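# Observations on the model geometry
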There are 2 protein chains.
Amino acid sequence: MSRIRIKDIAQMADVSVGTVDRVLHGRSGVSEASRKRVEEILKQLDYQPNMYASALASNKQYTYACLLPQHEASEYWTDIEAGIREATLAYSDFNIQADVTHYDPYDYHSFEQASQQIVEKQPDGVLLAPTAPQYTCPFVEQLNQLHIPYIYIDSNIQEQPALSFFGQHSHQSGFFAARMLMLLAGKNATEIAIFRKINEGVVGSNQQERREIGFREYMERHHPTCHIWELDLHAKRDTEDTQMLDDFFKAHPTLHNGITFNSKAYIIGEYLHKRGIADFNLMGYDLLKRNVECLKGGTISFLIAQQPTLQGFNGIKTLCDHLILKKEINRINFMPIDLLTRENIEFYYKPIN
Amino acid sequence: MSRIRIKDIAQMADVSVGTVDRVLHGRSGVSEASRKRVEEILKQLDYQPNMYASALASNKQYTYACLLPQHEASEYWTDIEAGIREATLAYSDFNIQADVTHYDPYDYHSFEQASQQIVEKQPDGVLLAPTAPQYTCPFVEQLNQLHIPYIYIDSNIQEQPALSFFGQHSHQSGFFAARMLMLLAGKNATEIAIFRKINEGVVGSNQQERREIGFREYMERHHPTCHIWELDLHAKRDTEDTQMLDDFFKAHPTLHNGITFNSKAYIIGEYLHKRGIADFNLMGYDLLKRNVECLKGGTISFLIAQQPTLQGFNGIKTLCDHLILKKEINRINFMPIDLLTRENIEFYYKPIN
DNA sequence: CTGTTAGCGCGTTCAG
DNA sequence: CTGAACGCGCTAACAG
């Protein structure tokens, strides 16, 4: 039983393929009678167009613009970009092209500038990692006016919903992290630590803040008496880390559990290794190479992952699904909150880069 | 910069598209000179055919045969079948069709019979959940002779490698499970329990056995003094479960931790709920609805998942990638070993069924 | 308002 | 051994 084709519909409705095509695409120039008849049959037979043939015939070029924060190699965003590249390869037969540009996450002007360039280029779709809402919204409003679909990655902007969002539920992931850390800490733990990396009082991303809020909510609810210490390392002065950590650990000799909500747990992990501290349970985020090495080496107990590569891949895939294959799109896609340990890391999704 | 087409190659090599097509498919009827020239240019330009156009032109029907164990609704295999259906839908434009047949996992003759029917039908590809090697091998050897590619799902047969395998590394997942259970149990736990479902001495699947071996390996290495109790419930006499559990828990009043390696942890979980036992840490496998309810209710602490839906989906996808899109295939695909708790279950992949 | 037709990139004849 | 021509399902331009 072969698939129904336009030709079949045309025959049954006693019109030509041209007419069927017109009603399929809602174009004008069809009499009410014909339109009715064709739509009837379309529904009745549940016609599904062959989107590959369609894409082939329309023979269009699709250009996507991707806007991500600047970053160093082997960071979280590297994996996202790898996913973007993988997807453009996987869908290369659709004549797609993805141009990645970067903005400085600590300089809002940089975001505005980059976003203006994208607007001028008039791409067919946009994939962006939003910065603060007040800077993101003006940009996506322009995209709305130009009817350019856009996708949020990593972090969502509730006020201006995108075609689709891919990212983790940060709050819940912090909540989960607290559960797991306290499992490591044991019932009678009385103190834990939060390590941050801060630049001039700015944490750098909403994700980190939301994770910490979720974390504290769990602590408040289940371990209200457990004290939470904080250590703020400088985001741009790595050389001071060791000294600050030395001071911190000297000041808290009975502390045995801690967590970071950014992706730089390896800073603490490598410090623990250097100082030979073996009785400290450390948790962190994201499978950076250095984090994974700490995990395997035992200085990091748990890492929470959020599949950045898949986020990038799905972002591009979703643009294709929407623009080319005309599929229905899920607007909100929370990534799973995955717990990695030295025992299961080996079988987790391999990063591609 | 548009993609290179056959026509372009033909022009550059000063031959016709027919000739290029012949060398592309290694068909005969091309002079050495032409073949050399064309191959040269092919390499040089790194020609990548448009597989969608190719599939469209070849206009073939692909029929896949799927062979899975019989099962009841809402079991592990239900999710696998959902993945199969999802994939046939996703690739319906390629004119594919997947026929699922079942065998009785407790009756080897049933497997042979079903496999013979598949051989007679001569499908284009096969997706099967292997039973014991001595019964699986004769089948896949016939497939080999007929050059029909086959894919293993859930469990691998090392002796007869398939085109591809999707499943979890059971041994390591048991190893991981032990780590997590002992984390729940705490440092001074002296005893834990393994719950089984057994039919006439047969566990039912290799997976379960391998998980237990991995589990015991971890215990041996890290908790050699911890005693491991065992309770074998009858696989086909569910009505006796409660009585046996009553006896077991009465006999072990200080026991607070246990695990099942099959997907029926809910039997224990629902028992704990019924008896109001709240100080027992239970682990199990697979996100059956009843398991998930126990997890949310708190009678199951952790579940280990292995994405059965994705396994089914990827099995079909891989057959398409191989047969239609001529892509390179990964032969071994271990699924991640995912830990689910009541805190992160909400954001795990939704089952489709 | 409607039917016809020429492609899209590729596979497969069928003459020569 | 090779090129030309037609068709896959669909789009879009064109003619009526």
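As the structure is a prediction and not an experimental result, all values here were calculated from the model.

If you rotate chain B by 180° and push it 0.0 Å along the axis, it lands on chain A with an RMSD of 0.2 Å. Read as a symmetry element, the transformation amounts to a two-fold axis. The residues that chain B uses at the interface reappear at the interface of chain A in 100% of cases, marking a shared surface.

Attention now goes to the interface of chain B and chain A. Tallying the contact residues gives 39 residues for chain B and 39 residues for chain A. Taking both partners together, chain B and chain A bury about 3500 Å²; carbon and sulfur atoms supply 57% of that area. Summed over the shared surface of chain B and chain A, the result is four salt bridges. Note that A:Asp93 is salt-bridged to B:Arg3, the shortest N-O span being 2.4 Å. At the level of secondary structure, the elements contributing two or more residues to the side of chain B that touches chain A comprise helix H4 (51-58), helix H8 (170-185) and strand E12 (338-340) of chain B. Ranked by the residues each element gives to the side of chain B that touches chain A, the list is headed by H8(B), at seven residues. When its residues are assigned to classes, the side of chain B that touches chain A shows 24 nonpolar, ten polar and five charged.

Let us now look at unusual backbone geometry. Unlike most non-glycine residues, A:Gln122 shows phi in positive territory, near 50°. Within the secondary structure, A:Gln122 is located in the loop between helix H6 (108-121) and strand E3 (125-128). A positive phi angle, close to 55°, is found at B:His147, a residue other than glycine. Examined against the element boundaries, B:His147 turns out to sit in the loop between helix H7 (133-145) and strand E4 (150-153).

All right, on to the pairing of strand E5 (residues 164-167) of chain B then. Residues and elements named next belong to chain B. Of the two faces of E5, the one carrying Ser164 and Phe166 and the one carrying Phe165 and Gly167 are both buried. Here E4 runs beside E5; their pairing, made up of three bridges, is parallel. Within the sheet, the bridge partner assigned to Tyr152 lies in E5 and is Phe165. Pairing analysis gives three bridges linking E5 to strand E11 (residues 332-334), with the strands arranged parallel. Opposite Phe165, over in E11, you have Ile332 as the bridge partner.

Our focus in this paragraph is the pattern of salt bridges. All names here are of chain A. With the rule as written, the count across this model stands at 36 salt bridges over all chains. Across the pair Glu230 and Arg216 runs a salt bridge, and its minimum N-O distance is 2.6 Å. Of this pair, Glu230 sits in strand E7 (residues 227-234) while Arg216 sits in helix H9 (residues 206-222); the two residues are 14 residues apart in sequence, bridging distant segments of the chain. Residues Lys317 and Asp321 are paired through a salt bridge, measuring 3.2 Å at the closest nitrogen-oxygen approach. In this pair, Lys317 and Asp321 both sit in helix H13 (residues 308-323), four residues apart, roughly one turn of the helix. Taking the relative accessible area as the measure of exposure, Lys317 reaches 24% and is therefore partly exposed. What makes Asp321 buried here is its relative accessible area of 9%. Ionic contacts of the salt-bridge type, sharing partners, join the residues Arg196, Glu212, Arg216, Glu230 and Asp232 into one network.

Rules of the game
Residues numbered from 1 in each chain as written. Chains lettered and ligands numbered in written order. Predicted model: local features only at pLDDT ≥ 70, side-chain atom pairs only at ≥ 80, totals over all residues. Heavy atoms only, no water. Least-squares fit on C-alpha atoms with pLDDT ≥ 70 in both. Contact = heavy atoms within 4.5 Å. Buried area = accessible area lost by both parts, 1.4 Å probe. Salt bridge = Lys/Arg side-chain N within 4 Å of Asp/Glu carboxyl O. Helix = DSSP H or I, 4+ residues; strand = E, 2+ residues; numbered from the N terminus. Nonpolar A, V, L, I, M, F, W, Y, C, P; charged D, E, K, R; others polar. Buried < 20%, exposed > 50% of the residue type's maximum accessible area, 1.4 Å probe, protein only. Pairing = 2+ DSSP bridges.

Honestly, that's just the spatial picture; any functional story needs more than this.
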